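# Breakdown of the fold
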Amino acid sequence: MSYLSLKSGTDVRGCAVAHDGLAVELTDEAVYDITAAFVCWLVDQKEKSAEEMTVALGHDSRISADRIATAAKKALTESGVKVLDCCLASTPAMFMTTVFYHTDAAVQITASHHPYDRNGLKFFTPQGGLNSFDLSAILQKAEEKEFYIPKQRGEVVPTDLMTDYSASLREMICKATDKTEQEQPLKGYHIVVDAGNGAGGFYATQVLQKLGADITGSQFLEPDGMFPNHIPNPENETAMASICHAVTAHKADLGIIFDTDVDRAGCVGKDGKEINRNRLIALAAGLASQGHPGATIVTDSVTSDGLKVFLEENLGLHHYRYRRGYKNVIDKAIELCGQGVDCPLAIETSGHAALKENYFLDDGAYLVTRIVIELARGVDVDRFLEPLAMPVEERECRLSILSSDFRTYGESVIEALERYAANEPTYRVADDNREGVRVSTPDGWFLLRLSVHDPVMPMNFESDTVGGIDRMIRGIKNFFAPFDQLDTSSLG
């Protein structure tokens, strides 16, 4: 197996637990080779020896974490690196080791919200997560077993990262509310947390409770890599229904739900309605733009028309729709800032939210801390979101491309749809879209785009009227008839 096949965007991911006939891809050897290659890459980048470097290592709650951490630690120490062993940690906290402890890099063992049998490696330097090009270079080094030969073995230093990270979030709340920890700035507020048995349980006990919040009703805080209660994913319907029920059952002021490694979060208002996707973007934009009038908010391409109206007309901001993929959104925001554009927030509808004030790090705990601060200041979050128009219907259909050259074929479909839509009197092609083709119709809008890695064309629909999506599908089906290498069965 080529190590390059383990590349998933900017992360390494693969099967880590053998089951149902599936073989382990993320073997001890693979983990060792890739981690050792990362050290070699670091030496090239930093132009200093591995013996002078410190690298932090952590993991989420997956059942394969200890095995993979052992192989990664071996690779790091045998490369001469000093290892800060952070054990169970959130992914954003692992990046923060470059800030707290001035590490040269960090390695997090995680596969985000994916099933228990998956795992992976995520690499950070003080500049942030690696890009796709750099990861490919590391995997190529691993293929060729291009490793650094040290003069001495590195040491392992046990490090209580999550205590320091939690303290930084408590300090943030205290500073914003002008109170000390002893004055309990969250006393009188009831907040429930759902960690999905991932790495986020610390937020309830080490942040909220220590500042006086009532966390009664918080659930699934204990790490369990089998995720027995629900998938730890704020986009999952079962997971969101669970936290919504917890909020209403316990009459809480706010609900918080994290994904496995806490780089994403969702919320629930006291009314039991989820604050997720477009609603979360709207709230995050309101927070991030404080003191930034007329700022630009970068999102991915599938945000609703109602959100654009809310951002531009209610908040007076500029909405910059970009491509799917949280790293794409973050990188675009950083690029715009470099061009002099005031861009305080990059956020994807999946919940990845990166604020400029926080190193453009997608950190679910940081985002909800900003929300908790507003709650402690007496802001009614539900009322803030009232002007945001929500669609009546939404749906995503995935059209499989059968052609071996799926990218070229998919691009030809998009080009043809753009021409077709431009000549349809009831269609309007969006002029601010930067991925695929987005078309407004009398019933709502649809977006057809090409998946970054897979032979699939996702097609998103939103409608402001009941039955609108079915009408849009009926209206567009004839367009697809000539494309015999496109499976449109998901359209119904």
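The present account deals with the structure reproduced in this document. Since we're looking at a predicted model, the values are computed, not measured. (Residues numbered from 1 in each chain as written. Predicted model: local features only at pLDDT ≥ 70, side-chain atom pairs only at ≥ 80, totals over all residues. Heavy atoms only, no water.)

## Quick notes on the overall build of the protein
Counting secondary structure elements, the protein contains 14 helices and 23 strands. Computed over the C-alpha atoms, the radius of gyration of the protein is 23 Å, within 12% of the 23 Å expected from 2.2 N^0.38 for a compact globule of 492 residues. In terms of its C-alpha atoms, the protein occupies a principal-axis envelope of roughly 70 × 60 × 50 Å. In the protein, which comprises 492 residues, the proportion classed as buried is 59%. Within the structure as shown, the protein displays about 19800 Å² of accessible surface, and the carbon and sulfur contribution to it stands at 49%. Here the protein carries 47 positive and 72 negative side-chain charges, and the mean point of each set is 2 Å from the other. (Helix = DSSP H or I, 4+ residues; strand = E, 2+ residues; numbered from the N terminus. Rg over C-alpha atoms; globule rule 2.2 N^0.38 Å. Buried < 20%, exposed > 50% of the residue type's maximum accessible area, 1.4 Å probe, protein only. Areas by Shrake-Rupley, 256 points an atom, 1.4 Å probe, with all protein chains shown as cover. Lys, Arg positive; Asp, Glu negative; His and termini not counted. Charge placed at Lys NZ, Arg CZ, Asp CG, Glu CD.)

## Quick look at the layout of surface pockets
Of the voids in this model, the second largest pocket is the one considered here, and its volume is about 380 Å³. Lining the second largest pocket are 22 residues, and of these Gln-127, Gly-128, Gly-129, Leu-130 and Lys-327 sit closest to its centre. Put simply, the parts of the chain that give the lining of the second largest pocket at least two residues each are strand E6 (118-125), strand E7 (128-129), helix H10 (326-338) and strand E17 (361-362). A total of five residues in the lining of the second largest pocket trace back to one element, the largest contributor, which is H10. (1 Å grid on protein atoms, 1.4 Å probe; cavity = no way out; pocket = protein on both sides within 12 Å on 5 of 7 lines; lining within 4 Å. Points joined across faces, edges and corners; volume = space filled by probe spheres on them.)

## A short note on the sheet that holds strand E15 (residues 345-347)
Across the sheet, five strands lie side by side as E14-E13-E15-E16-E17; this open sheet has mixed pairing. Pairing within the sheet leaves two strands with one partner each, and these edge strands are strand E14 (318-321) and E17. Where strand E13 (residues 296-299) and E15 come together, three bridges link them in parallel fashion. Residue pairing for E15: Thr-299 is matched across the bridge by Ile-347. (Pairing = 2+ DSSP bridges.)

## Description of the side chain of Lys-141
Mapping Lys-141 onto the fold places it in helix H4 (residues 132-143). In this structure Lys-141 touches Ala-37, Cys-40, Trp-41, Asp-44 and Glu-146, once residues within four positions along its chain are discounted. (Contact = heavy atoms within 4.5 Å.)

## What to know about helix H14 (residues 468-480)
Taking 1.5 Å as the rise per residue, H14 with 13 residues should run 18 Å; its terminal C-alpha atoms sit 19 Å apart, in good agreement. The largest bend in H14 comes to about 25°, at Arg-474. Of all the positions in H14, only Gly-468, Ile-469, Met-472, Ile-473, Ile-476, Phe-479 and Phe-480 are classed as buried. Next to the buried residues of H14 lie strand E18 (393-401), helix H13 (406-422), strand E20 (437-441), strand E21 (444-448), strand E22 (456-463) and strand E23 (486-487). (Expected span 1.5 Å × (residues − 1). Bend = angle between axes of the 7 residues up to and from the residue.)

## Looking at unusual backbone geometry
Phi at Glu-47 takes a positive value of approximately 55°, unusual for a residue other than glycine. In this structure, Val-262 takes a positive phi of about 70° despite not being glycine. Along the polypeptide, Val-262 turns up in the loop between strand E10 (254-258) and strand E11 (265-269). When its relative accessible area of 0% is taken as the criterion, Val-262 is described as buried.

## Re helix H1 (residues 28-46)
Helical geometry: 3.6 residues make up each α-helical turn, so side chains three or four residues apart lie on a common side. For H1, spanning 19 residues, the distance from its first C-alpha to its last is 27 Å, which sits close to the expected 27 Å at 1.5 Å a residue. Among the residues trailing H1, Glu-47 stands out with phi positive, at a value near 55°.

## Observations concerning the pairing of E21
With five of five residues buried, E21 is to be regarded as a mostly interior element. Taking every second residue as pointing to the same face, both faces of E21 are buried, with Gly-444, Phe-446 and Leu-448 on one and Trp-445 and Leu-447 on the other. The sheet contact formed by E20 and E21 spans five bridges and is antiparallel. Across the sheet, Val-439 pairs through a bridge with Phe-446, a residue of E21. Hairpin connection between E20 and E21: a loop of two residues separates the two successive antiparallel strands. Where E21 and E22 come together, five bridges link them in antiparallel fashion. Within the sheet, the bridge partner assigned to Leu-447 lies in E22 and is Asn-460.

## Some details on the pattern of salt bridges
Applying the stated rule across the entire model yields 32 salt bridges. Residues Asp-60 and Arg-62 are paired through a salt bridge, measuring 3.3 Å at the closest nitrogen-oxygen approach. Like Arg-62, Asp-60 is buried. When the shortest N-O distance is used, the salt bridge between Lys-308 and Glu-312 registers 3.1 Å. Pair noted here: Lys-308 and Glu-312 are both in helix H9 (residues 305-314), with a separation of four residues, about one helical turn. The partly exposed category is assigned to Glu-312, whose relative accessible area is 33%. In the salt-bridge network here, residues are joined through shared partners; they are Asp-305, Lys-308, Glu-312, Arg-321, Asp-432 and Arg-438. (Salt bridge = Lys/Arg side-chain N within 4 Å of Asp/Glu carboxyl O.)

## A few points about the sheet that holds strand E19 (residues 428-429)
Overall, antiparallel pairing links the six strands, which are arranged E19-E20-E21-E22-E18-E23 in an open sheet. In this open sheet, the two edge strands, each paired with only one partner strand, are E19 and E23. One ladder, built from eight bridges, connects E18 with E22; its direction is antiparallel. Each residue of the ladder has a partner; that of Cys-397, found in E22, is Met-459.

## Here's the deal with the nonpolar core
Phe-202, Tyr-203, Leu-208, Ile-256, Phe-258, Leu-345 and Val-372 are the most contacted members of the largest nonpolar core, which has 69 residues in total. At nine residues, the largest contribution of residues to this core is made by helix H11 (residues 364-376). Apart from residues no more than four positions distant in its own chain, Leu-345 is found in contact with Ala-284, Ala-285, Ala-288, Thr-296, Ile-297, Val-298, Ala-353, Ala-354 and Leu-355. The next biggest cluster of nonpolar side chains, apart from the first, holds 36 residues, and it includes Ala-16, Ala-30, Phe-38 and Leu-57. (Core = buried A, V, L, I, M, F, W, Y, C linked by side-chain atoms within 4.5 Å.)

## Some remarks on the packing of helix H5 (residues 161-177) against H11
It is at 10 Å that the axes of H5 and H11 come closest, and there the two elements cross at 30°. The orientation of H5 relative to H11 falls into the category roughly parallel. Where H5 crosses over H11, the two elements pack in a sense that is right-handed. On the side of H5, the interface is formed by Tyr-165, Leu-169, Met-172, Ile-173, Ala-176 and Thr-177, while H11 contributes Ala-365, Tyr-366, Thr-369, Arg-370, Val-372, Ile-373 and Ala-376. Residues of the contact of H5 with H11, tallied by class, amount to ten nonpolar, two polar and one charged. (Axes fitted to C-alpha atoms, helices over the stretch in contact; angles between N-to-C directions. Parallel < 35°, antiparallel > 145°, perpendicular 65-115°, else oblique. Left-handed = near helix turned anticlockwise from the far one by under 90°. Nonpolar A, V, L, I, M, F, W, Y, C, P; charged D, E, K, R; others polar.)

Spatial relationships are all this shows, so hold off on functional conclusions.
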